[in-house]
Amino acid sequence: MDKKNEKPKLDQQFRDTVSTIDTDGKRVWINPLKPKGKLYNYRTWFSIFCLILLFGLPFVKHNGYPILLFNILERKFIVFGIVFWPQDFPIFGLAMLVFMVFIVLFTAIFGRLFCGWACPQTIFMEMVFRKIEYWIEGDMAYQKALNKMPWNAEKIRKKGLKFFIFFLISFLISNTFLAYIIGVDELYKIITEPLKDHIGEFTSLIVFTGVFFFVFSYLREQICIVVCPYGRMQGVLLDRNSIVVAYDYMRGEGRAKFKKNEVRSAGDCVDCNQCVRVCPTGIDIRNGTQLECINCTACIDACDHMMENVGLPTGLIRYTSENQIEKKLPFKVTSRIIGYSALLVVLLIGLIAALFLRSDVETTVLRTAGTLFQEQPNNHISNLYNFKILNKTFKEKNLTFKLETFDGTFKFIGDSNLTVKSQDLREGEFFLIVDKKNLKKRNTKIKIGVYEEGKKIETINTKFLGKTF
Ligand code: SF4
Ligand code: SF4
């Protein structure tokens, strides 16, 4: 093989260490160089768009209700105006499966594109908290100098201001987070009504604020390196065909410092270390794809800037695959991608069908436990039933029951009006009275139709108990 096309041997020693832990096992605090460049600007604009969505969506309502609500306390979820209840759990399970297969497929093709561009952790850390840190404490060198300083007036002022703003933003995130759970109207009540009426909610606000503050001021990149399960799964989700932020070692190796006016025979990497200095997880991308890399693209911008300065082509670090770098192979649709896509299509069809078949009203009718049947006048017989009607919609429902199998009379205990308020559960009992001549067996299967304004919306299958006559 031509020596130039041989895969260079990379130093593998980096595998023995973690970039954020020193040899004594202590945390190495990462103060990355402030990124700048084309991709960083694109990411900034995209982050602004994501933040507007995140903070704005709880205020968007449809028919007076939020379009997104994840009320885990009352087990009620609204997704784009559709209410989901615990009874819709199979749909929720299917949606989760679709989501997981989509993630697997997306990662197999695009690597950790989501982490770098759209993950809330990265957006808040790199585009909100880190920018504030640069604004107050300055760039990398100033931050390191400030950290080493004794606690003088300047350090107290800068650190105090930074953590105060961090706390305020954490409080804002916490409020938004709670707005997604209980809705903005409930949140407004917590803010405006006496504190003693909302002690529980206020405590959770403070706890969430503390968690966010701890995450963004202390844990930081450790969330991506240690905590995030998606990050941990990269080893199995990526392959040599996946598009990731990667260093072109075929072009760059034989790295050597740049010397002005020298005819360059070394690789294109000028060993400036800028890609390492901007990295928020402290890794050297020249060592290859690593679990710590969140594909934030800061190293692409840094390297492009350096290449432009020394007059070499940009793209030494870029979005590419291992196969493209080593074998110059274009992106290939592999059998793995086809398999995941086929599975995703099947699951999506199932999900769409389940959503279409999902009823607005869910009725349960069960024979009351411990009862048999009751003799009624005129050769009739009755069974006692319990019913539950869940109205999943935002409209009041006026319903009627009708026995579909043969003639029968419903005699409700208490209120016979089957009106169910919006998003409410109506429970009750009724006697179903039928003529004995219709009963051929001890247990007769019957169907009860649930009607709304004369239109059948649901059919309930249950049994009628009676002796053989
Ligand atoms: S290696 Fe590059 S893309 Fe990966 S986290 Fe570091 S700076 Fe971001
Ligand atoms: S920024 Fe580019 S040229 Fe500089 S060390 Fe990294 S890969 Fe090499």
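Calculation notes
- Starting from 1, residues in each chain are numbered consecutively following that chain's sequence as written.
- Going through the entries in the order they are written, you letter the chains from A and number the ligands from 1.
- pLDDT decides what is reported in this predicted model: residues at 70 or higher carry local features, side-chain atom pairs at 80 or more are listed and counted, and totals for whole chains, interfaces and linings draw on all residues regardless.
- Helix and strand labels come from DSSP, where a helix needs a run of H or I of at least four residues and a strand needs a run of E of at least two; each type is numbered from the N terminus.
- Counting other C-beta atoms within 10 Å of a residue's C-beta gives its exposure: the residue is buried at 20 or more, exposed at 12 or fewer, and partly exposed in between, where C-beta atoms are placed from the backbone.
- Residue pairs are scored as contacts if the distance between their C-beta atoms, which are placed from the backbone, is within 7 Å.
- For two strands to be treated as a pair, DSSP must find at least two bridges joining them.
- A fitted line through C-alpha atoms serves as each axis, taken over the contacting stretch for helices, and the angle formed by two N-to-C directions is quoted from 0 to 180°.
- By definition in this entry, angles of less than 35 degrees are roughly parallel, angles greater than 145 are roughly antiparallel, angles of 65 to 115 are roughly perpendicular, and the rest are oblique.
- Crossing handedness is read from the near helix: turned anticlockwise from the far helix by less than a right angle, it gives a left-handed crossing, and turned clockwise, a right-handed one.
- Throughout, the ten residues Ala, Val, Leu, Ile, Met, Phe, Trp, Tyr, Cys and Pro are labelled nonpolar, Asp, Glu, Lys and Arg are labelled charged, and all others, Gly among them, are labelled polar.
- To count as a nonpolar core, a set of buried Ala, Val, Leu, Ile, Met, Phe, Trp, Tyr and Cys residues must be joined through C-beta atoms within 7 Å.
- The criterion for a residue being near a molecule or strand is simple: its C-beta atom, placed using the backbone, must lie within 6 Å of it.

Q: Can you break down the overall build of the chain residue by residue, with the values?
A: Of regular secondary structure, the chain possesses 16 helices and 16 strands. Across its three principal axes, the chain shows a C-alpha extent of roughly 110 × 65 × 40 Å. Within the chain, the proportion of its 469 residues that are buried is 24%. Within the chain, residue pairs in contact and separated by at least 24 positions form 69% of the contacts whose partners lie at least 6 positions apart.

Q: So what's going on with the pairing of strand 3 (residues 68–71)? Which residues, and what values?
A: In this sheet, strand 4 (residues 76–79) lies alongside strand 3 in antiparallel orientation, the contact comprising 4 bridges. Note that in strand 4 the partner of Leu-69 across the bridge is Ile-78. Remark: 4 residues form the turn of the hairpin made by strand 3 and strand 4, two consecutive strands paired antiparallel; Arg-75 in that turn has positive phi of roughly 55°.

Q: Any chance you could break down the packing of helix 4 (residues 120–137) against helix 6 (residues 153–182) for me, citing the residues and the numbers?
A: Packed helices, taken two at a time, are described by the angle their axes make and the gap between the axes. Where helix 4 contacts helix 6, the two axes come as close as 10 Å, and the packing angle between them is 160°. Our classification of the angle between helix 4 and helix 6 gives roughly antiparallel. The two elements helix 4 and helix 6 meet at a crossing, and its hand is right-handed. On the side of helix 4, the interface is formed by Val-128, Phe-129, Ile-132, Glu-133, Ile-136 and Glu-137, while helix 6 contributes Lys-158, Leu-161, Lys-162, Ile-165, Phe-166 and Ile-169. Per-class residue counts for the contact of helix 4 with helix 6 are 8 nonpolar, no polar and 4 charged.

Q: Run through the sheet that holds strand 3, naming residues and quoting values.
A: The 3 strands are arranged 3-4-5 in an open sheet whose pairing can be described as antiparallel. The open sheet has two edge strands, strand 3 and strand 5 (82–84), and neither has a second partner. If you compare each strand with its neighbour and ignore which way they point, the axes differ by 25° on average.

Q: Please provide a residue-by-residue account of the sheet that holds strand 16 (residues 455–465), values included.
A: Pairing is antiparallel in the open sheet, where 4 strands are placed in the order 13-11-15-16. With partners counted over all chains shown, the strands left at the sheet margins are strand 13 (418–420) and strand 16, one partner each. When strand polarity is set aside, the average angle formed by the axes of neighbouring strands in this sheet is 30°. Alignment of strand 15 (residues 443–452) against strand 16, held across 10 bridges, turns out to be antiparallel. For Thr-444, the partnering residue across the bridge sits in strand 16 and is Phe-464.

Q: Explain the nonpolar core to me, and be specific about the residues and the numbers.
A: Among the nonpolar cores identified, the biggest contains 40 residues, and Val-245, Cys-275, Ile-285, Cys-299, Cys-303 and Ile-317 are the most heavily contacted of them. Breaking this core down by element, the ones donating at least two residues are helix 4, helix 8 (199–219), helix 9 (222–227), strand 6 (244–247) and helix 14 (298–310). Discounting chain neighbours no more than four positions away, the residues touching Val-245 are Ile-285, Cys-293, Asn-295, Thr-297, Cys-299, Ile-300, Ile-317 and Tyr-319. With 16 residues, the next largest nonpolar core counts Ile-381, Leu-418, Val-450 and Phe-464 among its residues.

Q: How would you summarise the site of ligand 2 if you had to cite specific residues and measurements?
A: Around ligand 2 sit 15 residues, and of these Cys-269, Cys-272, Gln-274, Cys-275 and Cys-303 come closest. Of all elements in the fold, only helix 13 (274–277) and helix 14 reach the threshold of two or more residues within the shell around ligand 2. A total of 3 residues in the shell around ligand 2 trace back to one element, the largest contributor, which is helix 14. Of the residues assigned to the shell around ligand 2, the class counts are 10 nonpolar, 3 polar and 2 charged.

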